[in-house]
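# A look at the structure
Next come the chains, spelled out residue by residue.
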Amino acid sequence: MSITLPSEPEVSAPTASLEELMGLEREYLLQTYARYPLALHRGKGCYAYDTQGNRYLDLISGIGVNALGYAHPRITKVIRQQAGLLLHTSNLYYHEFQGRLAERLAKVSGLSRSFFCNSGTEAMEGALKMIRAHGNSLQAGKHEVVALDNSFHGRTFGSLSITGQPKYRSDFEPLLPGVRFVQRNDLAGLEAAVGEHTAGIVLEFIQGEGGILPISEQFARRARELADRHNALLVFDEIQCGVGRPGAYFAYQLLDPVLLPDIVIAAKPMACGIPLGVIVVNDKAAAAIKRGMHGSTYGGGPLACRVALEFFDILEELLPSINSVGGYFRMRLTELMREFPFIKEVRGQGLMIGVETDFPCKHLVLEGIKEGILFNVTHENVIRFLPPYILTEQDVDRAITALVRVLKIGPAE
Ligand SMILES: Cc1ncc(COP(=O)(O)O)c(C=O)c1O
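Predicted, not measured: the structure shown is a model, and the values here were computed from it. (Residues numbered from 1 in each chain as written. Predicted model: local features only at pLDDT ≥ 70, side-chain atom pairs only at ≥ 80, totals over all residues.)

## Quick word on the domain arrangement of the chain
Spelled out, the test is: Reported domain spans reflect what an automatic or database domain assignment gives. This entry defines residue contacts through backbone-placed C-beta atoms, with two residues in contact when those atoms are within 7 Å. Runs of E in the DSSP output that reach at least two residues are strands. Runs of H or I that reach at least four are helices, and both are numbered from the N terminus. Note on residue classes: Ala, Val, Leu, Ile, Met, Phe, Trp, Tyr, Cys and Pro are nonpolar, Asp, Glu, Lys and Arg are charged, and everything else, Gly too, is polar.
Split by domain assignment, the chain resolves into domain 1 (19-71 + 318-407) and domain 2 (78-314). For domain 1 and domain 2, the distance between their C-alpha centres works out to 26 Å. Listed as interface residues are 25 residues of domain 1 and, on the opposing side, 21 residues of domain 2. The set of elements that each furnish at least two residues to the side of domain 1 that touches domain 2 consists of α2 (61-64), α11 (302-339), β13 (343-349), β14 (352-357) and β17 (382-385). Its residues assigned to classes, the side of domain 1 that touches domain 2 shows twelve nonpolar, eleven polar and two charged.

Set out below in structure tokens:
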């Protein structure tokens, strides 16, 4: 069937000034966010434009979401086409794209089945329910979860319960019981925490919010062994570190041989800004969930799934350049260590990169905005880059020139 597309939307002018927007939000929004004084209006490729028309090289892509940058022609086209056909069906009916996307995810992950939802934390909640159902199906009292200190898994109650950072948790306690925290890469600690009551082990392959910190291969493999020994599910949270960002479909595929989890959860980049989360599971984990035990009104709708299918087609071609441009970016950042000895380490994988400084560096984000680059700071002293996958070496050179000016500021007074 052919459909007629509406004509190109006009690039409309901004409708309000930054000051007006700030005033409205101050008065009417729940005051949870500490935003930077920047109102974005549109974007093209790796560049975002503010309401005054100033241009910014975006090295954070909406915290790892805008993987194909802004207004990617193929993504824009499928969104417009699908908007003219069908935006929502609920999960009462079939549509053309959910099964196909699940098939695609099975192929790229090495696992078998998917459940679609709308965000990262929702994927984590679903995975936690699967862990519970799996444990309960085996023996009474098998409901413990082992997670990592310094981890981040989202803001809902289950996700918070396994998030190993007091600053996110303390206002909301008591949280879920039965969670044991282990330090990243502490093999003895992991051995001690996992036992017959463990139903699941949850790991970020590379801690994102925690400061771009990878788990070691030995630690990941020991977690797999322990999960098998105690019949627990091994869950990788690849919401930030997965789906192309590490230069592979998933970070666990960087190990040789590949180390398969029982469940991997993903979200951020999958539908290029349309909310979409997923739980991808093997047959063992799938057996824990029966009809009616989990669901979502919006999850896996036709718009998000169709966009994600287009995204995966494009990603296949982009994976090599994610690796090479990511390597080039890390190399250029490492060179800066000579000029700026306060840089303690440059680390990361693919286009997930952290630069650790020996002083708190949050103030540098604002300096970056002044210099036309967008990034953020996590864990007080780690400059975090999660740029779009379409970044080029030329963009990196531009970023480095601006960053040098930013780093010259040094510590806050
Ligand atoms: C590793 C990880 N897990 C879970 C989440 C939560 O995802 P969302 O904000 O989409 O709920 C995030 C968000 O940054 C994340 O980085």
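Let us keep going from here.
## Observations regarding the sheet that holds strand β3 (residues 55-58)
Applied cut-off: In short, DSSP must find at least two bridges between two strands for them to pair.
On the basis of which strands lie adjacent, the open sheet formed by four strands has the order β1-β2-β3-β15 and mixed pairing. Each edge of the sheet is formed by a strand with only one pairing partner; in this case those strands are β1 (40-44) and β15 (373-374). Two elements, β3 and β15, share two bridges in a ladder whose sense is parallel. By the bridge assignment, Asp 58 is partnered in β15 with Leu 374.

## What about the pairing of β14?
The line we're drawing: Any residue surrounded by 20 or more other C-beta atoms within 10 Å of its C-beta is treated as buried, while 12 or fewer makes it exposed and the intermediate range makes it partly exposed; C-beta atoms here are placed from the backbone.
Counted residue by residue, β14 has five buried out of six residues, so it is predominantly covered. Note that β13 and β14 share six bridges and pair antiparallel. Bridged to Gly 348 within β14 is Ile 353. The sheet contact formed by β14 and β17 spans four bridges and is antiparallel. Opposite Val 355, over in β17, you have Ile 383 as the bridge partner.

## Some words on the packing of helix α3 (residues 73-83) against α11
Definition in use: Comment: axis = line fitted to C-alpha atoms, over the contacting stretch for helices; angle = value between 0 and 180 degrees taken between N-to-C directions. Geometric relationships in this document are graded by angle, where less than 35 degrees denotes roughly parallel, more than 145 denotes roughly antiparallel, 65 to 115 denotes roughly perpendicular, and other angles denote oblique. Each crossing gets its handedness from the near helix: less than a right angle anticlockwise from the far helix is left-handed, clockwise is right-handed.
Interaxial distance between α3 and α11 falls to 10 Å at its minimum, and their mutual angle equals 155°. Classed by the angle they form, the pair α3 and α11 counts as roughly antiparallel. Handedness of the crossing formed by α3 with α11: right-handed. From α3, Arg 74, Ile 75, Val 78, Ile 79 and Gln 82 reach across to α11, where they touch Pro 302, Leu 303, Arg 306, Val 307, Glu 310 and Ile 314. In the contact of α3 with α11, the residues fall into seven nonpolar, one polar and three charged.

## A short note on unusual backbone geometry
In this structure, Pro 174 follows Glu 173 across a cis peptide bond, with omega equal to 5°. Secondary-structure assignment places Pro 174 in the loop between α7 (166-169) and β6 (179-182). Notably, Ile 63 is not glycine yet its phi reads approximately 55°, a positive angle. The residue Ile 63 is located in helix α2 in this model. One non-glycine residue with positive phi stands out, namely Ser 90, at about 70°. For Ser 90, the position within the fold is in the loop between α3 and α4 (98-109).

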